[in-house]
Amino acid sequence: MSRFDEMPFARVYPLYVAKVERKGRTRAEVDEVVAWLTGYDQQQLARHLADGTTFRDFFAGADLNPRASLVTGVICGVRIETLDDELTANVRRLDKLVDEVARGRPMAKVLREA
């Protein structure tokens with residue numbers, strides 16, 4: 001069981017937004033990386049936020065991007081590609097994408113475009 005199983009996505013989402021906004025980026029860019037990773041459109045994302053969906057259910061209902069495995073590296077001191085728990089790996093992938101946006105990386109690179 002992951003520590004993210006029962007954590008509401010809506011509890012972390014404002015922290016993602018605040019992080020990128022402090023660096024001059026936008027909520028729309030956070031939404032773009034969430035959409036890229038999960039397949040959720042703006043309406044679906046808003047519904048998950050309003051409903052207090054847990055990370056477990058948020059990712060269980062997602063249509064994960066086939067290129068998600070390209071999101072690699074270290075986040076919170078742990079190498080993403082070594083994580084055995086799929087939920088934790090997906091949460092850390094999202095953390096990594098948000099970090100890259102906050103660091104000013106071009107969106108084409110953040111979204112692993114060819």
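Structure first, text after, so check above.
Here we summarise the structure given alongside this text. Just so we're clear, the structure is a prediction, and the values are computed from it rather than from any experiment.

Procedures and definitions
Residues numbered from 1 in each chain as written. Predicted model: local features only at pLDDT ≥ 70, side-chain atom pairs only at ≥ 80, totals over all residues. Heavy atoms only, no water. Helix = DSSP H or I, 4+ residues; strand = E, 2+ residues; numbered from the N terminus. Rg over C-alpha atoms; globule rule 2.2 N^0.38 Å. Buried < 20%, exposed > 50% of the residue type's maximum accessible area, 1.4 Å probe, protein only. Contact = heavy atoms within 4.5 Å. Salt bridge = Lys/Arg side-chain N within 4 Å of Asp/Glu carboxyl O.

Glancing now at the overall build of the chain. A tally of regular secondary structure across the chain gives 6 helices and 2 strands. Along the chain direction, N to C, the helices and strands of the chain fall in the order α-α-α-α-β-β-α-α. The C-alpha atoms of the chain give a radius of gyration of 13 Å, which matches the 13 Å a tight globule of 114 residues would have. Dimensions of the chain along its principal axes, counting C-alpha atoms only, are 30 × 30 × 25 Å. Within the chain, buried positions represent 47% of all 114 residues. The long-range share in the chain, meaning contacts at least 24 apart out of those at least 6 apart in sequence, stands at 66%.

Further remarks concern the environment of K96. With respect to the element layout, K96 can be found in helix α5 (residues 86–102). According to the relative accessible area criterion, K96 is buried, its value standing at 11%. Taking C-alpha positions, K96 is 7.9 Å from G73, a pair spaced 23 residues apart along the chain. When near neighbours in sequence (up to four residues on either side) are disregarded, K96 contacts V71, T72, G73, V74, I75, I80 and R103.

A word on the pattern of salt bridges. For the structure on display, the rule yields 9 salt bridges. Among the ionic pairs, E29 bridges to R25, the shortest N-O distance being 2.9 Å. The same class applies to E29 as to R25, namely buried. Ionic contacts of the salt-bridge type, sharing partners, join the residues E6, R56 and D57 into one network.

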